[in-house]
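Spelled out from the first residue to the last, the chains are:
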Amino acid sequence: MQFIDLGAQRERIRDRLKAAIDQVVDDGRYILGPQVGEFEKQLAAYVGVRHCIACANGTDALLLPLLASGIGPGDAVFVPSFTFAATAEVVALAKAEPVFVDIDPVTYNIDIASLEAAIEMIRAEGRLKPKAIIPVDLFGLGADYASLEMIAARENLIVIEDAAQAIGGSVGDKMCGSFGFVGATSFYPAKPLGCYGDGGAMFTNDDAFAEKLRSYAFHGKGATQYDNIHVGINSRLDTIQAAILIEKLAILEDEMVARQAVHQRYAEGLGDVVTVAQVAAGSRSAWAQYAIETPNRDALKAHLQEQGIPSVIYYVKPLHSQVAYRGYPRAPGGLPVSESLPDRILCLPMHPYLGTEDQDRIISTIRNFVGSNAARIAAE
Ligand SMILES: Cc1ncc(COP(=O)(O)O)c(C=O)c1O
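This structure is a prediction, so every number in the text was calculated from the model and none was measured. (Residues numbered from 1 in each chain as written. Predicted model: local features only at pLDDT ≥ 70, side-chain atom pairs only at ≥ 80, totals over all residues. Heavy atoms only, no water.)

(A) Region of interest: the site of the ligand. The ligand sits among 14 residues. The nearest are G58, T59, D162, Q165 and S186. Measuring from a nitrogen atom of the ligand, one finds a side-chain N or O atom of D162 at 2.8 Å. In the environment of the ligand, an oxygen atom lies 3.0 Å from a nitrogen or oxygen atom belonging to the side chain of K191. When the free accessible area of the ligand is taken as 380 Å², the share hidden by the protein chains comes to 92%. (Near = heavy atom within 4 Å. Polar contact = N/O pair within 3.5 Å; in protein donor to acceptor, adjacent residues only side chain to side chain. Areas by Shrake-Rupley, 256 points an atom, 1.4 Å probe, with all protein chains shown as cover.)

(B) Quick look at helix α7 (residues 145-155). Taken residue by residue, α7 has Y145, S147, L148, I151, A152 and E155 as its buried positions. Along the axis of α7, the buried residues cluster in a sector spanning 160°; they form a single face. Exposed residues lying more than 90 degrees from the buried face of α7 are A146, M150 and A153. Summarising the contacts, the buried residues of α7 are in contact with α6 (112-125), β4 (129-133) and β5 (158-162). Backbone geometry just downstream of α7 places N156 in the positive-phi region, at approximately 60°. (Buried < 20%, exposed > 50% of the residue type's maximum accessible area, 1.4 Å probe, protein only. Helix = DSSP H or I, 4+ residues; strand = E, 2+ residues; numbered from the N terminus. Arc of directions from axis to C-beta. Contact = heavy atoms within 4.5 Å.)

(C) Region of the structure containing the pattern of salt bridges. Applying the stated criterion to the full structure yields 16 salt bridges. Between R14 and E11 there is a salt bridge, and its shortest N-O distance comes to 2.7 Å. Of the residues examined, E11 reaches a relative accessible area of 49% and is grouped as partly exposed. The shortest N-O distance in the salt bridge between R214 and E40 comes to 3.0 Å. In this pair, R214 is assigned in helix α8 (residues 207-216) and E40 in helix α3 (residues 34-47), connecting sequence segments 174 residues apart. Of the residues examined, E40 reaches a relative accessible area of 8% and is grouped as buried. Among the ionic contacts, a cluster of salt bridges with common partners joins E116, R123, R154 and E155. (Salt bridge = Lys/Arg side-chain N within 4 Å of Asp/Glu carboxyl O.)

(D) Representation of the layout of surface pockets within the structure. Put simply, the largest pocket is a space of about 500 Å³. Every residue lining the largest pocket is counted, 25 residues in all, and those nearest its centre are F84, A164, S186, Y188 and K191. Of all the elements in the fold, those that place two or more residues in the lining of the largest pocket are α4 (58-68), α5 (86-93) and β8 (182-186). Tallied by class, residues from the lining of the largest pocket come to 13 nonpolar, 9 polar and 3 charged. For the second largest pocket, the calculated volume is near 160 Å³. Residue composition of the lining of the second largest pocket, by class: 6 nonpolar, 4 polar and 3 charged. (1 Å grid on protein atoms, 1.4 Å probe; cavity = no way out; pocket = protein on both sides within 12 Å on 5 of 7 lines; lining within 4 Å. Points joined across faces, edges and corners; volume = space filled by probe spheres on them. Nonpolar A, V, L, I, M, F, W, Y, C, P; charged D, E, K, R; others polar.)

(E) The sheet that holds strand β7 (residues 174-175), seen in detail. Pairing is antiparallel across the open sheet formed by 3 strands, whose spatial order is β7-β6-β11. Both outer strands of the open sheet, β7 and β11 (283-284), are each paired with one neighbouring strand and no more. Note that strand β6 (residues 170-171) and β7 share 2 bridges and pair antiparallel. Among the inter-strand pairings, V171 is bridged to a residue of β7, identified as K174. (Pairing = 2+ DSSP bridges.)

(F) Examining the packing of α6 against α7 more closely. Across the interface, α6 lies against α7 with an axial gap of 11 Å and an inter-helix angle of 15°. When the axis of α6 is compared with that of α7, the two are roughly parallel. Along this stretch, α6 crosses α7, giving a crossing that reads as right-handed. Judged by residue contacts, I112, L115, E116, I119 and R123 of α6 engage S147, L148, I151, R154 and E155 from α7. Grouping the constituent residues of the contact of α6 with α7 by class yields 5 nonpolar, 1 polar and 4 charged. (Axes fitted to C-alpha atoms, helices over the stretch in contact; angles between N-to-C directions. Parallel < 35°, antiparallel > 145°, perpendicular 65-115°, else oblique. Left-handed = near helix turned anticlockwise from the far one by under 90°.)

Okay, structure coming up:
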């Protein structure tokens with residue numbers, strides 16, 4: 001059994017992928033070939049934005065909006081602590097300071113009260129200037145954008161949506177990636193929309209900012225490639241990856257439907273024995289990960305492993321506790337949810353090709369484990 005079965009997807013579209021790759025190899029336009037523009041157009045339409053700008057990976061997709069906004073020394077950018085390192089890393093790379101905020105215990109996304117307290121603290125201290133919020137759509141579930149956009153407007157902050165895990169997810173009638181001033185995503189192979197290497201993209205409805213992002217991703221180019229108007233970086237999506245992504249995007253909606261069915265089966269099979277992932281009414285998670293919580297997590301993980309069932313702990317440590325990020329500010333009152341969740345959380349196999357037989361085995365293994373544990377505790 002696979003944690004994420006990329007092989008099943010590959011088998012499904014093998015011929016189309018091979019033809020798409022062959023075409024790129026034969027054409028010889030390996031950098032910024034026509035497939036890149038075509039993929040950008042298709043993904044912009046899917047996400048529902050005016051502009052999609054492809055780049056080399058999801059980390060650059062977060063860094064480039066910071067550079068293009070002029071965010072740097074003396075600036076504060078508010079980020080959740082329970083996320084992948086890239087969310088905070090880019091802020092430090094831009095020479096601004098990440099300010100760590102706690103997460104909501106149900107959605108695992110940035111906690112609004114903790115965010116408000118952190119903004120107030122930073123303003124009162126006066127050392128840093130609040131500039132941006134990077135909410136993360138963790139595990140594929142969109143953050144609370146209604147609240148975030150209200151706070152951002154009131155505090156004059158820009159919102160950079162980290163939708164690295166959430167392409168295919170939605171909140172209300174808007175797709176993840178389309179929230180905030182700019183959205184960022186990753187095409188790392190295991191993501192809901194993944195390529196066969198590194199890749200990323202940015203989304204915005206602002207024409208001038210889209211132009212700026214393209215420039216920063218291409219050595220700060222101006223009117224021509226050899227005209228440099230900004231200090232940028234080299235961050236492009238390979239043509240071959242764009243060709244692969246066009247084929248994968250064509251089946252993404254179908255895969256999203258399949259992921260919802262996997263979620264439903266887990267929720268029904270496990271909801272009374274462990275804490276299962278919750279989705280607010282009107283939202284659709286892209287289900288990059290399926291997380292459960294249980295007090296006996298380590299023993300359960302070991303038991304699953306014995307039964308040949310893979311599981312992963314995302315994340316073992318919140319970022320504000322990591323050596324590299326210990327020195328940065330954090331919301332007042334501490335980050336109790338981000339600190340305690342790593343002891344309870346466990347991510348189970350989740351992908352569109354998870355068969356019901358395999359899934360039922362995962363469910364019954366967990367149910368039996370929780371049941372026998374409860375019996376043992378009752379007998380003690
Ligand atoms: C939440 C989040 N942000 C950013 C990234 C960075 O993406 P990449 O690995 O493509 O640089 C990832 C992916 O690993 C992620 O999960």
